[in-house]
Amino acid sequence: MKGLILSGGRGTRLRPITHTSAKQLVPVANQPVLFYAIAAMAEAGIEDVGIIIAPETGDEIRAAAGDGARFGVRLTYIVQDQPAGLAHAVLTAEPFLGDDSFVMYLGDNLLQGGIGELVATFRASAPDALILLTPVDDPEHYGVAELRDGRVVALAEKPPEPKTDLALVGVYMFTPAIHDAARAIRPSARGELEITDAIQHLVDAGHRVDPHVVRGWWKDTGRLEDMLEANRLVLDTIDGRIEGELVDSRCDGRVVVEAGARLERCTVRGPSIIGAGARLTDCYVGPYTAIGAECTIERAEVEHSILLDGCTVADLDGRMESSLLGRNVTIRRGDGQPRAFRFMVGDNSEIGIL
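Residue indices follow the written sequence of each chain, beginning from 1 at its first position. Residue-level local features of this predicted model are given only where pLDDT is at least 70; pairs of side-chain atoms are given and counted only at 80 or more, and the full residue set underlies all totals for whole chains, interfaces and linings. Side-chain numbers here rest on the full set of heavy atoms in the structure, without hydrogens or water.

Undergrad: So what's going on with the overall build of the protein chain? Residues and values would help.
TA: Helix and strand assignments follow DSSP, with helices taken as H or I runs no shorter than four residues and strands as E runs no shorter than two, numbered in order from the N terminus. The helix and strand tally for the protein chain stands at 8 helices and 30 strands. Throughout, the radius of gyration refers to the C-alpha atoms, and the reference size of a globule is 2.2 Å times the residue count to the power 0.38. Computed over C-alpha atoms, the radius of gyration of the protein chain comes to 22 Å, within 12% of the 20 Å expected from 2.2 N^0.38 for 354 residues, which places it in the range of a compact globule. With the principal axes as the frame, the protein chain shows a C-alpha extent of 70 × 40 × 35 Å. Accessible area is worked out with a 1.4 Å probe on protein chains only. A residue is then buried under 20% of its type maximum, exposed over 50%, and partly exposed in between. Going through the 354 residues of the protein chain one by one, you find that 48% of them count as buried. Every residue pair with non-hydrogen atoms within 4.5 Å of one another is taken to be in contact. In the protein chain, the share of contacts with a sequence separation of at least 24, taken over all contacts with a separation of at least 6, comes to 50%. Each accessible area is a Shrake-Rupley result for a 1.4 Å probe, and residues are judged covered by the shown protein chains and nothing else. Per element, the accessible surface of the protein chain, about 16500 Å² overall, is 45% carbon and sulfur.

Undergrad: An account of the packing of helix α6 (residues 177-184) against helix α7 (residues 195-204) is needed here, citing residue identities and associated values.
TA: Convention adopted: a line fitted to C-alpha atoms gives each axis, helices being fitted over their contacting stretch, and angles between N-to-C directions are expressed from 0 to 180 degrees. Packing of α6 against α7 leaves a shortest axis separation of 8 Å and a crossing angle of 115°. Looking at the two axes, α6 sits roughly perpendicular to α7. Judged by the twist between their axes, the crossing of α6 over α7 is right-handed. From α6, A177, I178, A181, A182 and A184 reach across to α7, where they touch I195, A198, I199, H201 and L202. With respect to orientation, any angle under 35 degrees is reported as roughly parallel, any angle over 145 as roughly antiparallel, any angle of 65 to 115 as roughly perpendicular, and every other angle as oblique. For any pair of crossing helices, the crossing counts as left-handed if the nearer helix is rotated counterclockwise from the farther one by less than a right angle, and right-handed if it is rotated clockwise.

Undergrad: A description of the environment of Y105 should follow, citing residues and the corresponding values.
TA: Along the chain, Y105 falls in strand β6 (residues 102-106). Overall, the relative accessible area of 2% leaves Y105 in the buried class. Separated by 101 residues in sequence, Y105 and L4 have C-alpha atoms that sit 6.2 Å apart. If we ignore the near neighbours within four places in the chain, the residues touching Y105 are L4, I5, L6, A37, A40, M41, L110, L111, I115, G170 and V171.

Written out as structure tokens, the structure is:
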């Protein structure tokens, strides 16, 4: 059995972060979201994994994930020239997938508990496809499945009036029958080959499509709010360890301080993680915060936030919270008069002054 991770797309909902970085490489608990998908494949015993990449961000993803050896898998990179839908990605990967069954995993999704048991169920029960579903409050924003007698009977992509609240989670398991189904469908109104249409074609052709309702958490990390929530959920699972240096500082609860980090006169409350080489001085870091490598925080308070590598936050009067800072961002209050705000802000940014 092979794996297929989709890591293309433009990440428009996470701009401006994704103007300069692939959305799948934005970190959750200081690890790129993509790496959780690769690790899930490895833990399920899947050794051959293809990664769908876009021309614009493919080189960055190759550089980050490498050949897969550190994850215990073999990675093959497959270029999808345009984001023409998930079923199009399956067709693009067909030369790699061949006649093997495979797991398809959206590279910006996180699923609690991994996929090991699901892969075992798929192998044992041998359906033509197995799809993961979860109840959501806003099913009109997702692919939605309708069930009857424990089988999938109908699917719809972002229906204006959903018949159920069961949304498709970004993990699917297929036999090679999906290739013919993807070839048989036509582009949707938004110009994409929808995986929901391909699965519906399997159902209509009499193939067996089994559902699995996810009871744990699942997150699509496409928006700021989702990234922060995913960061919270992952940090809730960490074990504390202190490998850096604490000088007149205290860490309460489950806190990770990576090697080379130095904290002076600081209080950190977990669950939180401080990256390698970070320098924190006279500051407070609250729960659910991930501080990247080589960050600097001085005379400031940060809580429920994600700071990518190389950020500087200093001399803030109030607490910074629920924020996502890209690489090498600086937020600093000056001491000059008169007091004022000064910004240099990229496209599609958001600044909240509370």
